[in-house]
Amino acid sequence: KVAKKWGITSASKIFDINLNSMADAVDYQMNTLYEEGDLIGDYLRVSPKLFGAKSKMDSASKKNLQLLKESGEKSLELYKSDIDEFLKKTTKKN
């Protein structure tokens, strides 16, 4: 009965909380996976920047999709050295 009065704004906030809690769960799982061995606590988590793109799930306009694509490309360049370093540490050369 209480939730009936929340409206769409509150539902959106609940969705955001859910997404944030999933990110926390992934962080916990990755730390657990890398507890042992040569890579203790050594995993890469990239939080890409949006560079003007909207993060709302329902924002699927052509313009926003293009901005998201460009943001991904810019983020790749921004984190390229971190990604390369991580790959060097986690891949074995035969």
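All values derive from a computational prediction rather than experimental measurement.

**Side note on the overall build of the chain**
The number of helices and strands found in the chain is 2 helices and 0 strands. Here the chain, with 94 residues, has 10% of them falling under the buried criterion. Pairs at least 24 residues apart make up 43% of the contacts formed inside the chain by residues separated by at least 6 positions. Surface accessibility of the chain: about 8,300 Å² in total, with carbon and sulfur atoms responsible for 58%.

**Observations concerning the pattern of salt bridges**
All told, the structure shown has 1 salt bridge when counted by the stated rule. For Lys80, the salt bridge identified is with Asp84, shortest N-O distance 2.9 Å. Separated by 4 residues within a single helix, Lys80 and Asp84 lie in helix H2 (residues 62-90), roughly one turn from each other.

**Side note on H2**
Two residues of an α-helix separated by three or four positions point the same way, owing to the 3.6 residues in each turn. Here H2 spans only 37 Å end to end across 29 residues, well under the 42 Å set by a 1.5 Å rise per residue. By the largest-angle criterion, Tyr79 marks the main kink of H2, which is about 60 degrees. If you check which residues of H2 are buried, you get Asn64, Ser71, Ser75, Tyr79 and Phe86.

**Points about the side chain of Ser59**
Summarising the element assignment, Ser59 is placed in the loop between helix H1 (7-33) and H2. Excluding its chain neighbours within four sequence positions, the residues that come into contact with Ser59 are Lys54 and Asn64.

**Quick look at the side chain of Ser75**
Along the polypeptide, Ser75 turns up in helix H2. Residue class for Ser75 comes out buried when judged on its relative accessible area of 5%. When near neighbours in sequence (up to four residues on either side) are disregarded, Ser75 contacts Pro48, Lys49 and Phe51.

**Observations concerning a nonpolar patch on the surface**
A cluster of nonpolar side chains, contributed by Leu50, Leu65 and Leu68, occupies part of the molecular surface with about 220 Å² of accessible area. Residue class for Leu50 comes out partly exposed when judged on its relative accessible area of 32%.

Parameters and conventions
- Residues numbered from 1 in each chain as written.
- Predicted model: local features only at pLDDT ≥ 70, side-chain atom pairs only at ≥ 80, totals over all residues.
- Heavy atoms only, no water.
- Helix = DSSP H or I, 4+ residues; strand = E, 2+ residues; numbered from the N terminus.
- Buried < 20%, exposed > 50% of the residue type's maximum accessible area, 1.4 Å probe, protein only.
- Contact = heavy atoms within 4.5 Å.
- Areas by Shrake-Rupley, 256 points an atom, 1.4 Å probe, with all protein chains shown as cover.
- Salt bridge = Lys/Arg side-chain N within 4 Å of Asp/Glu carboxyl O.
- Expected span 1.5 Å × (residues − 1).
- Bend = angle between axes of the 7 residues up to and from the residue.
- Patch = residues over 30% accessible without salt bridge, like charges linked within 9 Å, V, L, I, M, F, W, Y side chains within 5 Å.

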